[in-house]
Amino acid sequence: MKTIIANWKMYVGAREGVELARATLSALGNREGLPEVVLCPPFVAIADVSGVIANSPVALGAQDVFWETKGAFTGEISVSMLKEFHVSHALVGHSERRALGETDAMVNKKIHALLAGGMVPVLCVGETASERDAGKAKETVIRQLQEGLNGVSFQKEHRLFVAYEPVWAIGTGRRAEVTDVVEMHKTIRKTVSDLLSSSVSVLYGGSVDEKSASAFLREQEIDGVLVGSASVRADAFAGILDATFHSLS
Ligand code: PGA
């Protein structure tokens, strides 16, 4: 099954989020063989979006989480607070958070907290343009996986996504070549399997839109896509969902 994760970033608040969630439900309709769809609204929209998608196959994700369970941590949100609103997934280590100071060590604490709380981490990894130009793309991604997953003891009930998002492809309209993505996904699978003795779903993210989605989704090696700016345009997101159905048929 392919997975489509929508990262709404700081693009929409609660009012528009409710409309987008409704549009997603109507785009999915009651077709056979639905993809797994996860919507990641900003925190302030989570309660309202949770209400809209209740009793639907669409899942709810957070864009971030804090690793502590409770306490004096102004501005932070814990796993159990998210679970009150039926949030099942959380992005971790998105490059826009790494750019604001999130380290691999912080990513690692978040992954531990999510798995301990029964949530699904979506670990975002990817190289910058200069790392790619220096021939260090794989090295960077392997380091992010090793440090992000350090000490994780992966149990049968755990689930984890890795999203390969080259930093230079995010929000730029400059997508990675499908062949390069496939190659990196193989590296990610091998690294995670060595680290966790488990298989993992690997998504691609970076300027995916309704026109480019099918080129990624028809690859067996690509389990789905993580979509940013196109996910807040209802027609574009509906087009990406359509591409998923076509890639399955
Ligand atoms: P983009 O963002 O689709 O706008 O490039 C992807 C992401 O940041 O997850």
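Residues numbered from 1 in each chain as written. Predicted model: local features only at pLDDT ≥ 70, side-chain atom pairs only at ≥ 80, totals over all residues. Heavy atoms only, no water.

Draft legend 1. Quick look at the overall build of the protein chain. A tally of regular secondary structure across the protein chain gives ten helices and eight strands. Relative to the compact-globule value of 18 Å for 249 residues, the protein chain shows a C-alpha radius of gyration of 17 Å, a close match. Dimensions of the protein chain, computed from the C-alpha atoms along their principal axes, are close to 45 × 45 × 35 Å. Partitioning the contacts of the protein chain with sequence separation of at least 6, the portion at a separation of at least 24 is 71%. Accessible surface computed for the protein chain: about 11,500 Å², of which carbon and sulfur atoms make up 50%. (Helix = DSSP H or I, 4+ residues; strand = E, 2+ residues; numbered from the N terminus. Rg over C-alpha atoms; globule rule 2.2 N^0.38 Å. Contact = heavy atoms within 4.5 Å. Areas by Shrake-Rupley, 256 points an atom, 1.4 Å probe, with all protein chains shown as cover.)

Draft legend 2. The environment of valine 120, seen in detail. Positionally, valine 120 belongs in strand β5 (residues 120–125). According to the relative accessible area criterion, valine 120 is buried, its value standing at 9%. Taking the C-alpha atoms as reference points, valine 120 and valine 92, 28 residues apart in sequence, are found 10 Å from one another. In contact with valine 120, not counting residues within four places along its chain, are Ser88, His89, Ala90, Arg159, Leu160 and Phe161. (Buried < 20%, exposed > 50% of the residue type's maximum accessible area, 1.4 Å probe, protein only.)

Draft legend 3. Region of the structure containing the site of the ligand. In the vicinity of the ligand, 13 residues are found, and the nearest of them are Lys9, His94, Glu165, Gly171 and Ser207. In this structure, an oxygen atom belonging to the ligand sits 2.6 Å away from a side-chain N or O atom of histidine 94. Contact between the ligand and glutamate 165: an oxygen atom at 2.7 Å from a side-chain N or O atom of the residue. Across the shell around the ligand, the residue classes break down as four nonpolar, seven polar and two charged. (Near = heavy atom within 4 Å. Polar contact = N/O pair within 3.5 Å; in protein donor to acceptor, adjacent residues only side chain to side chain. Nonpolar A, V, L, I, M, F, W, Y, C, P; charged D, E, K, R; others polar.)

Draft legend 4. View of the sheet that holds strand β1 (residues 3–7). Strand order in the closed barrel made by the eight strands is β1-β2-β3-β4-β5-β6-β7-β8, with parallel pairing throughout. When the angles between neighbouring strand axes are averaged without regard to direction, this sheet yields 25 degrees. The pairing of strand β7 (residues 201–205) with strand β8 (residues 224–227) spans three bridges and is classified as parallel. Its bridge partner lying in β8, tyrosine 204 is registered against valine 225. Packing against the sheet, helix α7 (residues 137–148) makes contact with β5 and β6 (161–164), and its axis sits at approximately 150 degrees to β5. (Pairing = 2+ DSSP bridges. Axes fitted to C-alpha atoms, helices over the stretch in contact; angles between N-to-C directions.)

Draft legend 5. Looking closely at the side chain of aspartate 104. Here aspartate 104 lies in helix α5 (residues 104–116). By relative accessible area, which is 9% here, aspartate 104 ends up buried. Residue contacts for aspartate 104: discarding those within four places in its chain leaves Arg98, Arg143, Gln144, Glu147 and Gly148.

Draft legend 6. The arrangement of helix α8 (residues 178–196) in detail. The end-to-end C-alpha separation of α8 is 26 Å, in line with the 27 Å expected for 19 residues at 1.5 Å each. Burial in α8 covers these residues: Val181, Val182, Met184, His185, Thr187, Ile188, Thr191, Val192 and Leu196. Each element contacted by the buried residues of α8 is listed here: β5, α6 (129–133), α7, β6, β7 and α9 (213–217). Backbone geometry just downstream of α8 places serine 197 in the positive-phi region, at approximately 50 degrees. (Expected span 1.5 Å × (residues − 1).)

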